[in-house]
Amino acid sequence: MINTKKMIFGLDSFGDIPTDDEGNVYTQAHAIRQVIREAKLADDLGIDVIALGEHHREEYAISSPDMVLAAIATITKKIKLATGVTVLSSDDPVRVYERFATLEAISNGRAEAVLGRGSFTESFPLFGYDLQDYDLLFEEKLNLYSKLLEEKPVTWEGKTRASLKDANVFPKTENGNIATRIAVGGSPESVVRTARYGFPLTLAIIGGSPERFKPYIELYKRAADKFENPAFPIAVHSHGMIADTDEEAIELAWNHIRKSFVKIGNDRGWAPMSREQFESEVQNGSFYVGSPETVAKRLARMIKTLGIGRFELVYGAGGLSASAREHMIELYATKVIPRVRELLSEA
Amino acid sequence: MGKKIGILGAGKLGTVLGQLALKAGYEVYIGGSGNPSKIALTVEVLLPGAKVLTAKEVAKKTNLIILALPLGKYKSLSIEELSNKVIIDAMNYWWEVDGENPELTDVSSSSSVLVQNYLKNSKVVKAFNHMGYHDLYDEAKEKGHEGRKAIAVVGDASEAVAQVAQVVDDFGFDPLVYGSLSQGIRMEPGSPVFGANLKYHDLKRALASFETTKRGVAAIKAGNQAMK
Ligand SMILES: NC(=O)c1ccc[n+]([C@@H]2O[C@H](COP(=O)([O-])OP(=O)(O)OC[C@H]3O[C@@H](n4cnc5c(N)ncnc54)[C@H](OP(=O)(O)O)[C@@H]3O)[C@@H](O)[C@H]2O)c1
């Protein structure tokens, strides 16, 4: 069922702040330049997609992912330039269209808008939105954005932004369409909405057994069917750490991925992730951690179980050193991805 | 006579608890915030066998109802429809959906006490709020399993508490009954048990250690009666 040649592999970064080998923390500006460098490396090594998240927090340097992608566009050839995610609820759909249409022009058709409600909400107070309206904001803005995608004059009315009357928005794209996906966490309603608008779906699986999402994929397909929209291949995004040996990868993941989870969880009142919880994520959950062989096996199993068409590895969480990040990208491109393709074709 | 349970809120938590209920052989009635058709497909795929009804009809069908909606929306519940019911409050304050709301984070009480004060004719019991929804799904295990995790249950009406403890057991967790509803503060975000996924004795210890935590100290200072 899975077309192993067509299976797409990507890298996701939120713009975490790396350190050098002596542990000196990069400036945020340097962290952005590091991501640009990594995207070039990923392109040279043949990785299909780089996706950059939008955050407005101290631990992450990227708040304007499409600007960083524009820079990447000029030094890369094939890699797809995606966000992960663009927080549409607190953005303006016209602006989102304009920025991605511009990126599409700069990159010769490699732009991809990945829209979501976002797992953080700092952007709401920052841009003057009320969190209580998070659902209405997303619904309305997605509605307007999907109209803009047709690249014809738009007339629109809603509660969350000024109305438009025959508004023509530029630039137009050469392909007549900006590739767009919706990324969701665990909310069934968001899955149904994605199918209702006829967009491809990305599942952000940041914890627990990936098998749990099987019914969500079924829900997406059934909903697409009901709304007479196509059901596109599903993408999954999860955290990972690849190093030369399992031991090294586990230690790095404990010191970095776990650290970032503890920090973020702490803001939400979660008890810090225990060793037992960490081990279970590494063994059967949603942290892909280990040597290239270990990670490839776990990925192949998950891809087969869920029947997905795209996987994106979130790399570099929690202040991992720049050299470890680059090494991980190399291992992912040269060892893990070919091995996963091999394992999938054996099945 | 089969067991019946109602769930209000067909989101992340509501659908997972619904799955555990179906697995345990319950008849499940689930309602959302509006028209049942809005959640019909979700329920058909994620909870095959469960029945989608309006909130009002859910209350007619069963005397045991789980609240799995955003805490900030608790006042959209009908006091009358939920009268005389045993209510399992699984809600937490979550600023990402509830926004800034000092009432919901007040350390001098538990958010479940607020819910009880509002649903004045119901018997509110707090449970299932302190484990993430995917962990509730992954960690549910049959009785006697060595690695079985525990869920704390607090409430003022002892019969209702016993009934909810049985639900916790049926759903795949060891129930740990821990006193009056006001003790719910020990299970809320910022407490050592929140998201910790512990076994019975570890959970008991963690609940007892609340006073030594930052939030616990703040609760004592605010004169929270559960700390006395
Ligand atoms: N997610 C977890 O891991 C977790 C774990 C433990 C406890 N909790 C608590 O459980 C509650 C639900 O969380 P969630 O993550 O499941 O949120 P969610 O995915 O956003 O789902 C909440 C659902 O409640 C519905 N709803 C709103 N008002 C309602 C009403 N008056 N009657 C019936 N349904 C109503 C919403 O429907 P509409 O969209 O139509 O309004 C929505 O489908 C929250 O209080 C949360 O703190 C969550």
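Here is what the cut-offs are and how they apply
- Residues numbered from 1 in each chain as written.
- Chains lettered and ligands numbered in written order.
- Predicted model: local features only at pLDDT ≥ 70, side-chain atom pairs only at ≥ 80, totals over all residues.
- Heavy atoms only, no water.
- Axes fitted to C-alpha atoms, helices over the stretch in contact; angles between N-to-C directions.
- Helix = DSSP H or I, 4+ residues; strand = E, 2+ residues; numbered from the N terminus.
- Parallel < 35°, antiparallel > 145°, perpendicular 65-115°, else oblique.
- Left-handed = near helix turned anticlockwise from the far one by under 90°.
- Contact = heavy atoms within 4.5 Å.
- Nonpolar A, V, L, I, M, F, W, Y, C, P; charged D, E, K, R; others polar.
- Phe/Tyr/Trp six-rings, centres within 6.5 Å; stacked < 30°, edge-to-face > 60°.
- Buried < 20%, exposed > 50% of the residue type's maximum accessible area, 1.4 Å probe, protein only.
- Lys NZ or Arg CZ within 6 Å of the ring centre and 35° of its normal.
- UniProt positions renumbered as here; feature names shortened; annotations may be inferred.
- Arc of directions from axis to C-beta.
- Near = heavy atom within 4 Å.
- Polar contact = N/O pair within 3.5 Å; in protein donor to acceptor, adjacent residues only side chain to side chain.
- Buried area = accessible area lost by both parts, 1.4 Å probe.
- Salt bridge = Lys/Arg side-chain N within 4 Å of Asp/Glu carboxyl O.

By the naming in an unreviewed UniProt entry, chain B goes by Dinucleotide-binding enzyme and is assigned to Liquorilactobacillus cacaonum DSM 21116.

Chemist: Honestly, the packing of helix 10 (residues 292-306) of chain A against helix 11 (residues 322-346) of chain A in this entry has me stumped. Any pointers?
Modeler: Two packed helices can be described by the angle between their axes and the distance between those axes. Residues and elements named next belong to chain A. Look at helix 10 against helix 11: their axes get within 8 Å of each other, and the N-to-C directions meet at 45 degrees. Here helix 10 is positioned oblique relative to helix 11, judged by the angle of their axes. Relative to helix 11, helix 10 is oriented so that their crossing is right-handed. Across from Pro292, Glu293, Val295, Ala296, Lys297, Leu299, Ala300, Ile303 and Lys304 in helix 10, the residues of helix 11 making contact are Leu331, Lys335, Val336, Arg339, Val340, Leu343 and Leu344. Of the residues that constitute the contact of helix 10 with helix 11, the class distribution is 11 nonpolar, no polar and 5 charged.

Chemist: I keep staring at the packing of aromatic side chains and nothing clicks. Help me out?
Modeler: Here a ring pair, both rings aromatic, is described through the centre-centre distance and the interplanar angle of the planes. Residues and elements named next belong to chain A. All told, the structure shown has 14 aromatic pairs over all chains when counted by the stated rule. Judged by centre distance (5.1 Å) and plane angle (80 degrees), the rings of Trp254 and Phe278 are edge-to-face. With a gap of 24 residues between them, Trp254 in helix 8 (residues 246-267) and Phe278 in helix 9 (residues 275-283) connect regions that are remote in the sequence. Taking the centre distance of 5.7 Å and the plane angle of 75 degrees together, the rings of Tyr288 and Phe311 count as edge-to-face. With Tyr288 in strand 11 (residues 287-290) and Phe311 in strand 12 (residues 310-314), the pair connects residues that are 23 residues apart, well separated along the chain. Given a relative accessible area of 1%, Tyr288 falls into the buried group. You can call Phe311 buried: its relative accessible area is 0%. Members of the aromatic cluster, connected to one another through ring pairs, are Trp254, Phe261, Phe278 and Phe287. Here the basic side chain of Arg275 rests over the ring of Trp254, its NZ or CZ set 4.4 Å away from the ring centre.

Chemist: What is the right way to read the UniProt feature "domain: Pyrroline-5-carboxylate reductase catalytic N-terminal" (unreviewed entry) in chain B from this model?
Modeler: Per the UniProt record, "domain: Pyrroline-5-carboxylate reductase catalytic N-terminal" (unreviewed entry) is found at residues 4-93 of chain B. For residues 4-93 of chain B, the helix share is 32%, the strand share is 22%, and the end-to-end C-alpha distance is 27 Å.

Chemist: Just to check I follow, could you spell out helix 9 (residues 200-208) of chain B for this structure?
Modeler: Note that an α-helix has 3.6 residues per turn; residues three or four places apart therefore point the same way. Residue and element names in this part refer to chain B. Regarding helix 9, the residues found buried are Leu203, Ala206 and Leu207. All buried residues of helix 9 lie within an arc of 100 degrees about the axis, which places them on one face of the element. When the buried face of helix 9 is taken as reference, the exposed residues oriented beyond 90 degrees from it are His201 and Arg205. The secondary structure elements touched by the buried residues of helix 9 are strand 7 (150-155) and strand 8 (174-177).

Chemist: Is there a simple way to explain the site of the ligand in this structure?
Modeler: If you check the shell around the ligand, you find 26 residues, and the closest are B:Leu13, B:Ser33, B:Lys38, B:Leu69 and B:Tyr133. Mapping the residues near the ligand onto chains gives chains A and B. In the environment of the ligand, an oxygen atom lies 2.5 Å from a nitrogen or oxygen atom belonging to the side chain of B:Lys38. The contact in question runs from an oxygen atom of the ligand to an N or O atom on the backbone of B:Leu69, over 2.8 Å.

Chemist: What is the right way to look at the environment of B:Leu136 in this model?
Modeler: All names here are of chain B. Turning to its location among the elements, Leu136 is positioned in helix 7 (residues 133-139). Here Leu136 falls in the buried class, since its relative accessible area comes to 0%. A C-alpha to C-alpha distance of 8.7 Å links Leu136 and Leu13, two positions 123 residues apart in sequence. Once you skip the residues sitting within four places of it in the chain, Leu136 turns out to touch Leu13, Val16, Leu17, Leu20, Phe128, Met131, Ile151 and Phe173.

Chemist: Looking at this structure, I do not really get the interface of chain A and chain B. What am I missing?
Modeler: Frequently, the measure chosen for interface size is the accessible area removed from exposure when the parts meet. Taken together, the contacts link 30 residues of chain A with 30 residues of chain B. When the two sides are added together, the surface that chain A and chain B hide from each other amounts to roughly 2,700 Å², 58% of it contributed by carbon and sulfur. Counting the contacts that link chain A with chain B gives 2 salt bridges. In this structure, the salt-bridge partner of A:Glu276 is B:Lys149, at a minimum N-O distance of 3.1 Å. On the surface where chain A and chain B come into contact, there are 7 residue pairs in polar contact (both at pLDDT 80 or more).

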